[in-house]
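Chain by chain, the residues run as shown.
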Amino acid sequence: MLSERRLEVLRAIVQDYVGTEEPVGSKALTERHRLGVSPATVRNDMAVLEDEGYIAQPHTSAGRIPTDKGYRLFVDKLAGVKPLSSPERRAIQHFLDGAVDLDDVVGRTVRLLAQLTRQVAVVQYPSLTRSTVRHVELLSLAPARLMLVLITDTGRVEQRMVDCNAPFGEQSLADLRARLNGKVVGRRFADVPQLVQDLPESFEAEDRATVQTVLSTLLETLVEETEERLMIGGTANLTRFGHDFPLTIRPVLEALEEQVVLLKLLGEVNESGMTVRIGHENAYEGLNSTSVVSVGYGSGGETVAKMGVVGPTRMDYPGTMGAVRAVARYVGQILAES
């Protein structure tokens, strides 16, 4: 275990390197931080930190920079989550309150996270596998053509056309709408197939085929929409950090185009707490020079999706963690109120 003093030296090295982008030397550390010891003692502490793999010497520079292991210890032991200021919190609330629907909420969240953290923002749409049905609307467009509108508890709206084999009267349509909502409103998507399987039998023989067609369309919609969707923004922010990526930024940009990679990066939705993956902790090789900060969001205490940011390992971890957590909280409030 490192002594408290050496932990303080490591904290100072991380803070200075993140702030200045320059390798950090013992003289600069003693000038900038009240470590209470001489530069010679700090040099000795830095030698121990280097031997144990927490800092390293890049090329011939006199200074040192944190390694993935050093950043990990910093995040786990030394970095508190930096709270946002009151003006920042008000700005977030004002920006997100203007959203008109779920797509707008996700789009605004991506832009906001990218602006606040100056990193790449990734937001997963609320997954329908964890959603419940708020309402199913059925509208008659023509005697044998209907529109099915599925509305979820997270505000997601899906529309499908239903072509029927025979005309379906307004009274039958109202009857189906009432019975269908009676069975599925407030229920999880996964439970819907079982809840509606006997519904056609409760209708007159001539209407059963149409009822079955409507139910088939509803169930197909549920299956289609359980596919995970993401929105990404702020990729241009990476160009500001070109020197933070060894050789080239290209592998990072290629990784960010892979939806499967991004979903794995954000982590499992059941890990609702803050997750920080640093450098080589990211399984995808193209992202070994990046860190990912992610957290779950949702309403009513249930996590329905993840959001996070991707940036270089030389990241302001306390500020980034604070911003991601605050935005996730506000989006959760919006989902609860929608």
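Residues numbered from 1 in each chain as written. Predicted model: local features only at pLDDT ≥ 70, side-chain atom pairs only at ≥ 80, totals over all residues. Heavy atoms only, no water.

As annotated in an unreviewed UniProt entry, the protein is Heat-inducible transcription repressor HrcA from Streptomyces bambusae. As stated in UniProt under Function (unreviewed entry), the record for the protein gives "Negative regulator of class I heat shock genes (grpE-dnaK-dnaJ and groELS operons). Prevents heat-shock induction of these operons." Per UniProt, the protein carries the Sequence similarities (unreviewed entry) text "Belongs to the HrcA family." (UniProt positions renumbered as here; feature names shortened; annotations may be inferred.)

Asker: Got a sec to walk through helix 4 (residues 68-78)? Specific residues and values, please.
Answerer: Side chains of residues three or four places apart in an α-helix project in the same direction, reflecting 3.6 residues per turn. Every buried residue of helix 4 is listed here: G70, Y71, L73, F74, V75 and L78. Residues of helix 4 that are buried in the fold lie against helix 1 (4-20), strand 2 (65-66), strand 8 (275-278) and helix 12 (317-337). (Buried < 20%, exposed > 50% of the residue type's maximum accessible area, 1.4 Å probe, protein only. Helix = DSSP H or I, 4+ residues; strand = E, 2+ residues; numbered from the N terminus. Contact = heavy atoms within 4.5 Å.)

Asker: Hey, could you go over the sheet that holds strand 6 (residues 157-163) for me, with residue numbers and the actual values?
Answerer: Pairing between the strands of a sheet is mediated by backbone hydrogen bonds and can be parallel or antiparallel. As summarised here, the arrangement of the three strands in space is 4-5-6, forming an open sheet in which the pairing is antiparallel. Either end of the sheet is taken by a strand with one partner, and the two such strands are strand 4 (133-142) and strand 6. Going across the sheet, the axis of each strand differs from the next one's by a mean of 20°, ignoring polarity. Direction of pairing for strand 4 relative to strand 5 (residues 145-152): antiparallel, over a ladder of eight bridges. Bridging from a neighbouring strand, A142 pairs with R145 of strand 5. Packed on one face of the sheet, helix 7 (residues 170-184) meets strand 4 and strand 5 and runs near 165° to strand 4. (Pairing = 2+ DSSP bridges. Axes fitted to C-alpha atoms, helices over the stretch in contact; angles between N-to-C directions.)

Asker: So what about a nonpolar patch on the surface? Which residues, and what values?
Answerer: Together, L139, L141 and M161 make up an exposed nonpolar region whose accessible area comes to about 260 Å². Topologically, L139 is positioned in strand 4. (Patch = residues over 30% accessible without salt bridge, like charges linked within 9 Å, V, L, I, M, F, W, Y side chains within 5 Å. Areas by Shrake-Rupley, 256 points an atom, 1.4 Å probe, with all protein chains shown as cover. Salt bridge = Lys/Arg side-chain N within 4 Å of Asp/Glu carboxyl O.)

Asker: Can you lay out the pairing of strand 9 (residues 290-299) for me, pointing to particular residues and giving the numbers?
Answerer: Of all the 10 residues making up strand 9, nine are buried; the element is thus mostly covered by neighbouring parts of the structure. Where strand 8 and strand 9 come together, four bridges link them in antiparallel fashion. Bridging from a neighbouring strand, V276 pairs with V293 of strand 9. With 10 bridges joining them, strand 9 and strand 10 (residues 302-312) adopt antiparallel strand pairing. Its bridge partner lying in strand 10, G298 is registered against T303. Hairpin connection between strand 9 and strand 10: a loop of two residues separates the two successive antiparallel strands, and G300 in this loop has a positive phi of roughly 60°.

Asker: Provide a residue-level description of the packing of helix 4 against helix 12, including the pertinent values.
Answerer: Running from N to C, helix 4 and helix 12 cross one another at 55°; their axes reach a closest spacing of 11 Å. Between helix 4 and helix 12, the angle falls in the class oblique. Judged by the twist between their axes, the crossing of helix 4 over helix 12 is right-handed. Within the contact between the two elements, helix 4 uses Y71, F74 and V75 and helix 12 uses Y317, P318 and M321. Taken together, the residues that form the contact of helix 4 with helix 12 break down as six nonpolar, no polar and no charged. (Parallel < 35°, antiparallel > 145°, perpendicular 65-115°, else oblique. Left-handed = near helix turned anticlockwise from the far one by under 90°. Nonpolar A, V, L, I, M, F, W, Y, C, P; charged D, E, K, R; others polar.)

Asker: Give me the lowdown on the sheet that holds strand 3 (residues 120-124), citing residues and values where you can.
Answerer: The antiparallel open sheet is built from five strands, whose spatial order is 7-3-10-9-8. Sheet topology places strand 7 (230-233) and strand 8 at the edges, where each strand pairs with a single neighbour. Averaged over all neighbouring strand pairs, the angle between strand axes comes to 15°, with direction disregarded. Bridge count for strand 3 against strand 10 is four bridges, and the pairing is antiparallel. Of the residues in strand 10, the one forming a bridge with V123 is M307.

Asker: Pulling in residues and values, what's your account of the packing of helix 6 (residues 102-117) against helix 12?
Answerer: The geometry of helix 6 relative to helix 12 is characterised by a closest axis approach of 10 Å and an angle of 165° between their N-to-C directions. Of the possible angle classes, the one that applies to helix 6 and helix 12 is roughly antiparallel. Crossing of helix 6 over helix 12 shows right-handed handedness. Every residue of helix 12 that contacts helix 6 at L102, V105, T109, L112, L113, L116 and T117 is listed here: T320, A323, V324, V327, V331, I334 and L335. Looking at the contact of helix 6 with helix 12 residue by residue, the class counts come to 11 nonpolar, three polar and no charged.

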